[in-house]
Amino acid sequence: MAQIPNLDNSPLNLKALRDQSQKELVNILRSIRGKKCLVIDKKLSGSISLVIQTSILVEHGVELRLLSPEPLQTECTKVVYLVHSNLNLMSFICSHIHSDVTKGLQREYHIYFVPHRGVDCEKILEEEKVHHLISIGEYPLYMIPMDEDVLSFELDYSNKECQVDGNTSSLWHIAKALHKLEFSFGVIPNVRAKGKASVRVADILNRMQAEEPVNLSDRSTLEINTLILIDREVDMVTPMCSQLTYEGLLDELLHINNGSVEVESAIMGVQQEGKKIKVPLNSSDKLFKEIRDLNFEVVVQVLRQKATAMKQDYTEMTTSDQSVSELKDFVRKLNSLPEMTRHINLAQHLSTFTSKQSFLGRLDMEHTIVEAQSYDICFEYIEESIHKQEPLVSVLRLLILLSVTNYGLPKKHFDYLRRELLHSYGFEHIALLNNLEKAGLLKKQETKSNWPTIKRALQLVVEDTDTANPNDIAYVFSGYAPLSIRLVQHAVRSGWRPIEEILKLLPGPHSETKRGGFSSSPSYDTLQGASAAVNKVADGRRSLVLIVFIGGVTFAEIAALRFLSAQESMAYDLIVATTKIISGNTLIETYMENMG
């Protein structure tokens, strides 16, 4: 299981949140006496690994299994299923029980749905005539701390469900998670939302507060001053661009999953044929915390400097007499050697991709599209990529980028490229293209694009970006400032009002509300230019802003928010919550249909 991140330095007490989730799971296990087999839905296992250590589960008499259609192999007479409300998983469980009954095995079955039970799932259990053999409960795991300043609702498909399937159940889940958060940290007085889903979540949250109020008098301090909700569809440009921070690139090229990457052992300098190594990536690794948000160009230089300094220290140690305290300092530095080795190996592997002409050519093309110049050159580049049969997802990323910044493609180009894609990659991708069209990511152009106006007004393209000493968030994409984070910048600085006209050019409505009897509490509008001291919580810490991305956020955007939070002029700590951490690839993959 992945290394559990250390949350001691979190600006919000996320450790208490995780401890609560751990306690709830342990209580479930304690309620079922004796040895038991805990069968976890595969998709859930990564999330559980960030909440509780395997050793704690074993202490509670647990034998661990991953849920699969195969009959369950265990000696245990008690079986506990921990699953999402998913119809396919119900058929697995039913087949397990039928298989046991056929073999004459008598077992006690428990299903705990995460985070809440689904009526349609229980219906299947009834139809399969196993419902009476099972006790059913819920494990209310609504959000998982991924790191000191990042929470995830782990809703992989919320974007597609809302935009393509018309299923908005994930919005209730997000509101419920935020309401639970308010029971721990107090009512959030200021809410700013942009996008259809965001405004809807803000409404549901208000309704929940009316029906089940968080008692204001219970809390002397309000930990979270403002909640900013942003729909992914408001900014589909950012995830389609290649992330250039160290962590963003690791995700683009190796895919970070539940806070770790799995790589071939040879990449990590270990010669074990065919063996993979899991590398945890979170702020418990001090070196990673220092370099994760830097532009990759800079990371290589930083690692080089650290290695040189270490070599110099070693030379001094071996050529002169050292005092005990100097020896101690040197040994302390040596303790960071495994981290150094780990990141030098990973950076070296990433460099094999980033130094390729094809990678650099693609970055140039992305910038050309974002700058909204030379449409014909961009169109020809994509056409050529299709004919060369470049990976489908990377072609689609460029195509979506071109479509979104142009508010669609001219009809003849749209029809032509669609036809070429199907000829080149196979007609089984027709459902994917239809889904992308339904979500508005690939469409025929009907009106003139507002992108040049938005780009200018929000200063999204920054010339001469200094990646080594950045003074703007544009460093995360070497010259493009993520639109989503520019919106956050404005929301924090002065609210939506000054950029009202620009917001109207972006998808979906926007709203700004004061909640829970705080109509007189200072909002950002009155705090603009005021001293940072105004917005401290009682114990002197900076007040908090929680930014929620509905539909996913990239590591590059998280890096840009950390950069903002670190600025002297910033009066707030920023925490990110998201339905899922995504890249352009993983986002497009959610629109794919399994034709089998």
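To be clear, the structure that these remarks concern was listed above.
In this report, the structure presented in the accompanying data block is examined. (Residues numbered from 1 in each chain as written. Predicted model: local features only at pLDDT ≥ 70, side-chain atom pairs only at ≥ 80, totals over all residues. Heavy atoms only, no water.)

Right, let's get into helix H21 (residues 483–494). For an α-helix, 3.6 residues make a turn, and residues three or four places apart therefore share a direction. An ideal rise of 1.5 Å per residue puts 16 Å on 12 residues; H21 measures up with 17 Å between its terminal C-alpha atoms. Counting buried residues in H21 gives 11 out of 12 residues, a clear majority hidden from the surface. If you check which residues of H21 are buried, you get Leu483, Ser484, Ile485, Arg486, Leu487, Val488, Gln489, His490, Ala491, Val492 and Ser494. Gly495 occupies a position one or two residues after H21 and carries a positive phi of about 75°. (Helix = DSSP H or I, 4+ residues; strand = E, 2+ residues; numbered from the N terminus. Expected span 1.5 Å × (residues − 1). Buried < 20%, exposed > 50% of the residue type's maximum accessible area, 1.4 Å probe, protein only.)

Another point: the nonpolar core. The nonpolar side chains of a soluble globular protein tend to be buried, and buried together. Formed by 132 residues in total, the largest nonpolar core has its most connected members in Leu82, Leu396 and Leu487. With 9 residues, helix H17 (residues 392–405) is the single largest residue contributor to this core. Contact partners of Leu487, with chain neighbours within four places excluded, come to Ile230, Val234, Leu458, Trp496, Ile499, Leu503 and Leu506. Core analysis: the next-biggest nonpolar cluster, separate from the first, contains 35 residues, Leu178, Ile188, Val201 and Met208 among them. (Core = buried A, V, L, I, M, F, W, Y, C linked by side-chain atoms within 4.5 Å. Contact = heavy atoms within 4.5 Å.)

For the structure on display, the rule yields 2 cavities of 30 Å³ or more. Volume-wise, the largest cavity comes out at about 70 Å³. Residue lining of the largest cavity: Leu399, Leu409, Phe414, Leu417, Arg418, Leu421, Leu433, Glu437 and Leu442, and that is the complete set. Of all the secondary-structure elements, those providing two or more residues to the lining of the largest cavity are helix H18 (411–425) and helix H19 (430–438). No other element matches H18, which puts 4 residues into the lining of the largest cavity. (1 Å grid on protein atoms, 1.4 Å probe; cavity = no way out; pocket = protein on both sides within 12 Å on 5 of 7 lines; lining within 4 Å. Points joined across faces, edges and corners; volume = space filled by probe spheres on them.)

To find the voids left in a structure, one rolls a probe of water-molecule size over its atoms. The computed volume of the largest pocket comes to approximately 1,200 Å³. In terms of lining residues, the largest pocket is bounded by 37 residues, among which His84, Ser85, Asn86, Tyr157 and Glu161 are the most central. For the lining of the largest pocket, the elements supplying multiple residues, two or more each, are helix H2 (42–49), helix H4 (87–102), helix H6 (158–165) and helix H7 (169–185). Classifying every residue of the lining of the largest pocket by side-chain character gives 14 nonpolar, 13 polar and 10 charged. Looking at the second largest pocket, its volume works out to about 940 Å³. (Nonpolar A, V, L, I, M, F, W, Y, C, P; charged D, E, K, R; others polar.)

Going through the model one piece at a time under the given rule, you end up with 7 aromatic pairs. Geometrically, the ring pair formed by Tyr475 and Phe563 is tilted, given 5.4 Å between the ring centres and 55° between the ring planes. Placement of the pair is Tyr475 in the loop between helix H20 (451–457) and H21 and Phe563 in helix H24 (residues 555–565), with a sequence separation of 88 residues. For Phe563, a relative accessible area of 14% puts it in the buried group. Grouped by ring-pair contacts, the aromatic residues Tyr246, Phe288 and Phe296 constitute a single cluster. Over the ring of Tyr407 we find Lys443; its NZ or CZ atom is 5.9 Å from the centre of that ring. (Phe/Tyr/Trp six-rings, centres within 6.5 Å; stacked < 30°, edge-to-face > 60°. Lys NZ or Arg CZ within 6 Å of the ring centre and 35° of its normal.)

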